[in-house]
There are 2 protein chains.
Amino acid sequence: MKAAVYHGERDVRVEEVPDPEIEESTDAVVRITHTAVCGSDLWFYRGESDYPTPGRTGHEPMGVVEEVGDDVTSVRPGDRVLAPFAISCGECEFCRKGLYTSCVEEKGWAGEHDGAQGEKVRAPFADGTLVRVPERYADDEDVLESLLPLTDVMCTGHHAAVSAGVGPGDTAVVVGDGAVGLCGVLAADRLGAERIVAMGHHEDRLEIAEEFGATETVAARGEEAVERATELTYGGANHVLECVGAESSMDTAFDVARPGGTVGFVGVPEGVDEAAFLEKAFRKNVGLEGGVAPVRKYVDDLMADVLQGTLDPSPIFTKTVDLEGIPEGYRAMDERDAVKVLVKV
Amino acid sequence: MKAAVYHGERDVRVEEVPDPEIEESTDAVVRITHTAVCGSDLWFYRGESDYPTPGRTGHEPMGVVEEVGDDVTSVRPGDRVLAPFAISCGECEFCRKGLYTSCVEEKGWAGEHDGAQGEKVRAPFADGTLVRVPERYADDEDVLESLLPLTDVMCTGHHAAVSAGVGPGDTAVVVGDGAVGLCGVLAADRLGAERIVAMGHHEDRLEIAEEFGATETVAARGEEAVERATELTYGGANHVLECVGAESSMDTAFDVARPGGTVGFVGVPEGVDEAAFLEKAFRKNVGLEGGVAPVRKYVDDLMADVLQGTLDPSPIFTKTVDLEGIPEGYRAMDERDAVKVLVKV
């Protein structure tokens, strides 16, 4: 079969790899139909974080179950499924409390297992990891494209909003206009926020933010951006979603937080060296909550909303490629030609 | 009158300063009877943070009201009072929600106002700032020494415990065996924690921690300390009190936190440059809550416990000096000859 493989900085190739097979009785083999390129993939793509070379890529799988091990009970061949970027056993202390990303058994797809950017994957702990799409929607292409972001970015944006404590009537600030930030806007709106200020640097993305429920947008940078957002929130917001993971965005998030507020952070903090934000957190008693999103905890609720038509994150996909087009997908994301790339395998 | 004045690194002198007077109708003048030297005073004492020279020192005042302005209604001359390290108007948005340290009007004593290490202070916003000690206890020396820590360290330790979410039956880890850490142990015990692991470097202080309710102590350093605390908590604690504010103690706090847990931090983060703890927070979804303690929010509840005899933080005072002895008090704190110094003016 074919799959995308990372060979070094800005070098992703689609090449022949071995077909996956059932190895444990709790495994399933899934034929991938839809997947995506993630903003977090850009860290290694740009050579800014360590990654195996060669290394399989992709962690947002959706597809059809081909085969299951003897102990798999929740899915069967032919089922349309999706899976979070984190593999989880479903049975340990952390899975049971909803913190699937701290599962004692497993970590993630690419790197430790098959990458999702390929024709098939072996899915370990299929019962704990795979989420079944109800049969009546299993072949509805529009629905599937709206569900795919639930494998990562939509649930990650939701985790930012939940971690920031967004509730009905609240004012929230979303820092970042990437796919996660846009999903954060959608999530804050879904949770009932009355005012949502989206901060970013790209007019086209901030337009999507408005479509997703942002009541105001701030396109400025640095101090000007902080001043504008602070002014719009009459002194800072109690709920701030940090959806980037850079040093400057952490600073911005704590700058625009109201004393006593909370920053929900979900951006992989690859670029945060200095802890300047900590002094702000201390002085204003602004909490920091969140982290890597326990997607599995949220996916059922969000799926229900997608299926009933009240939630649709699919506008984040501004470009679509096929399997062979994955390298072009990375290029487009890297050069910001696309917000997020959908891969139809 | 006489008061302590900072003149530069390790140079605190008791010298003649002008008597305070009522300046605003909301002021009171308080004759100080008891005060203390704070661990956070060591930052400037050691030349590690900026401080005016000359600059009045001390922010933990207890004394007797001498005079009040026309608009003061909650205290009158002759009342025994204490005050938090933060001055607060009692009427703004943040005071009303209990976040007195973010009061829009005022900041603190020494630096912006009179320091508490002197014969008298002018207390701005007396109604919002001063806390009256009930008359029947107003001259009970034992009670007063047990109440004095409520001006800062006891409420700060309590804020760490509250921020870390400590409740009945919980397991908590307290990082730091200074006065705040010891008060954190006392607070965790008061909130019902079943197991309290106190981490520090000084056997004599860890003995006080045991007296205060620590069920286990860890006196090791670095990785060994983390391993021991992790083992004692079967994989980390859901509630961690960070009571130091150094880079290494932040790292330790996030190392010993259980996935999904919370670090309550109250140590002034003067020494935290690198944000290594952030990656741990992200990976494990460990929240960071707390900051500078809104003492005024807690002081009434904690005072009730002191007065009924169920709370007594006074063992943190391991040395007592008079007004002239304040420079010796700083020396003793600096050289760790004393946990905390009580000043009887």
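Nothing here was measured: the structure is a model prediction, and the numbers come from that model.

Basis of the calculations
Residues numbered from 1 in each chain as written. Chains lettered and ligands numbered in written order. Predicted model: local features only at pLDDT ≥ 70, side-chain atom pairs only at ≥ 80, totals over all residues. Heavy atoms only, no water. Pairing = 2+ DSSP bridges. Helix = DSSP H or I, 4+ residues; strand = E, 2+ residues; numbered from the N terminus. Contact = heavy atoms within 4.5 Å. Axes fitted to C-alpha atoms, helices over the stretch in contact; angles between N-to-C directions. Right-handed = clockwise from strand over helix to strand, strands pointing away. UniProt positions renumbered as here; feature names shortened; annotations may be inferred. Least-squares fit on C-alpha atoms with pLDDT ≥ 70 in both. Domains from an automatic or database assignment. Buried area = accessible area lost by both parts, 1.4 Å probe. Salt bridge = Lys/Arg side-chain N within 4 Å of Asp/Glu carboxyl O. Polar contact = N/O pair within 3.5 Å; in protein donor to acceptor, adjacent residues only side chain to side chain. Nonpolar A, V, L, I, M, F, W, Y, C, P; charged D, E, K, R; others polar. Buried < 20%, exposed > 50% of the residue type's maximum accessible area, 1.4 Å probe, protein only. Core = buried A, V, L, I, M, F, W, Y, C linked by side-chain atoms within 4.5 Å. Patch = residues over 30% accessible without salt bridge, like charges linked within 9 Å, V, L, I, M, F, W, Y side chains within 5 Å. Areas by Shrake-Rupley, 256 points an atom, 1.4 Å probe, with all protein chains shown as cover. Lys, Arg positive; Asp, Glu negative; His and termini not counted. Charge placed at Lys NZ, Arg CZ, Asp CG, Glu CD. Arc of directions from axis to C-beta.

Engineer: Before we move on, could you go through the sheet that holds strand S1 (residues 2-8) of chain B and cite the residues and values that matter?
Structural biologist: Residues and elements named next belong to chain B. Pairing in this open sheet of three strands is antiparallel, and the strands run S2-S1-S4 from one edge to the other. Either end of the sheet is taken by a strand with one partner, and the two such strands are strand S2 (11-16) and strand S4 (55-56). Both S1 and S4 contribute to a ladder of two bridges, which runs antiparallel. Within S4, the residue paired with valine 5 across the bridge is arginine 56. Against the sheet, helix H12 (residues 326-334) engages S1 and S2, with an angle of about 165° to S2.

Engineer: Report on the pairing of strand S15 (residues 317-322) of chain B, specifying residues and quantitative values.
Structural biologist: Residue and element names in this part refer to chain B. Bridge analysis of S15 against strand S16 (residues 340-344) gives five bridges, and the strand direction is parallel. Bridge pairing in S16 links aspartate 322 to lysine 344. Handedness of the crossover joining S15 and S16 through H12: right-handed.

Engineer: Tell me about the UniProt feature "domain: Alcohol dehydrogenase-like C-terminal" (unreviewed entry) in chain A, residues and numbers included.
Structural biologist: According to UniProt, the positions carrying the feature "domain: Alcohol dehydrogenase-like C-terminal" (unreviewed entry) are residues 179-288 of chain A. With 46% helix and 23% strand, residues 179-288 of chain A has its two end C-alpha atoms placed 21 Å apart.

Engineer: Can you tell me about the relation of the copies chain B and chain A, naming the residues and giving the values?
Structural biologist: At an RMSD of 0.0 Å, chain B and chain A line up after a rotation of 180° and a shift of 0.0 Å along the axis. Here the two chains are linked by the operation of a two-fold rotation axis. Interface overlap between copies: 100% of the residues of chain B at the interface are likewise at the interface in chain A, consistent with a symmetric, same-surface contact.

Engineer: Lay out the domain arrangement of chain A in plain terms, naming residues and giving numbers.
Structural biologist: Residue and element names in this part refer to chain A. The domains assigned to chain A are domain 1 (2-152 + 295-344) and domain 2 (154-290). Of note, the centres of domain 1 and domain 2, computed from C-alpha atoms alone, are 26 Å apart. Of the residues lining the interface, 24 residues belong to domain 1; the matching set on domain 2 comes to 20 residues. Taking both sides of the interface into account, the surface hidden between domain 1 and domain 2 amounts to around 1800 Å²; carbon and sulfur atoms contribute 69%. The largest contributions to the domain 1 side of the interface with domain 2 come from Trp43, Tyr298 and Val339, which together make up 32% of the buried area. Run the count over domain 1 and domain 2 and you get one salt bridge. Along the contact surface separating domain 1 from domain 2 lie seven residue pairs in polar contact (both at pLDDT 80 or more). Here the element with the most residues in the side of domain 1 that touches domain 2 is helix H11 (residues 295-307); it accounts for six residues. Looking at side-chain class alone, the side of domain 1 that touches domain 2 contains 14 nonpolar, three polar and seven charged residues.

Engineer: Can you lay out the interface of chain B and chain A for me, pointing to particular residues and giving the numbers?
Structural biologist: The interface is formed by 36 residues belonging to chain B together with 36 residues belonging to chain A. At the boundary of chain B with chain A, total buried surface from both sides reaches about 2700 Å², with 62% on carbon and sulfur atoms. Counting across the chain B and chain A interface gives two salt bridges. We note a salt bridge from A:Glu93 to B:Arg258, for which the minimum N-O separation is 2.7 Å. At the boundary of chain B with chain A, the tally comes to 11 residue pairs in polar contact (both at pLDDT 80 or more).

Engineer: I'd like a description of H12(B), backed by residues and values.
Structural biologist: Residues and elements named next belong to chain B. All of the buried residues in H12 are Ile326, Gly329, Tyr330, Ala332, Met333 and Asp334. In this fold, the buried residues of H12 make contact with S1, S2, strand S3 (28-37), helix H1 (41-45), S15 and S16. Looking one or two places after H12, you find arginine 336, whose phi comes out positive at around 55°.

Engineer: Please set out the nonpolar core residue by residue, giving values where relevant.
Structural biologist: In terms of nonpolar packing, the biggest core is built from 164 residues, with A:Leu147, A:Phe277, B:Leu147 and B:Phe277 touching the most fellow members. With residues near it in sequence (within four places) discarded, A:Phe277 still touches A:Met250, A:Asp251, A:Phe254, A:Val272, A:Leu288, B:Ala275, B:Phe277 and B:Leu278.

Engineer: Requested: an account of a negative patch on the surface, with residues and values cited.
Structural biologist: Taken together, A:Asp70, A:Asp71, A:Glu91, A:Glu105 and A:Asp127 make up a surface patch of like negative charges. On the secondary structure map, A:Glu105 appears in the loop between helix H2 (93-96) and strand S7 (120-123).

Engineer: I'd like to hear about the UniProt feature "domain: Alcohol dehydrogenase-like N-terminal" (unreviewed entry) in chain A, residue by residue, with values.
Structural biologist: Within this structure's numbering, the places UniProt gives as "domain: Alcohol dehydrogenase-like N-terminal" (unreviewed entry) are residues 26-134 of chain A. Across residues 26-134 of chain A, helical content stands at 12% and strand content at 26%; the span's end C-alpha atoms are separated by 21 Å.

Engineer: How would you summarise helix H8 (residues 222-232) of chain A if you had to cite specific residues and measurements?
Structural biologist: The periodicity of an α-helix, 3.6 residues per turn, causes residues three or four positions apart to be oriented the same way. All names here are of chain A. By the burial criterion, the buried members of H8 are Ala225, Val226, Ala229 and Leu232. Each buried residue of H8 sits inside an arc of 130° when the element is viewed along its axis, so together they form one side. Away from the buried face of H8 by more than 90 degrees, exposed residues Glu223, Glu224, Glu227 and Glu231 are located. In this fold, the buried residues of H8 make contact with strand S10 (195-199), strand S11 (216-218) and helix H9 (247-256). Tyrosine 234 occupies a position one or two residues after H8 and carries a positive phi of about 50°.

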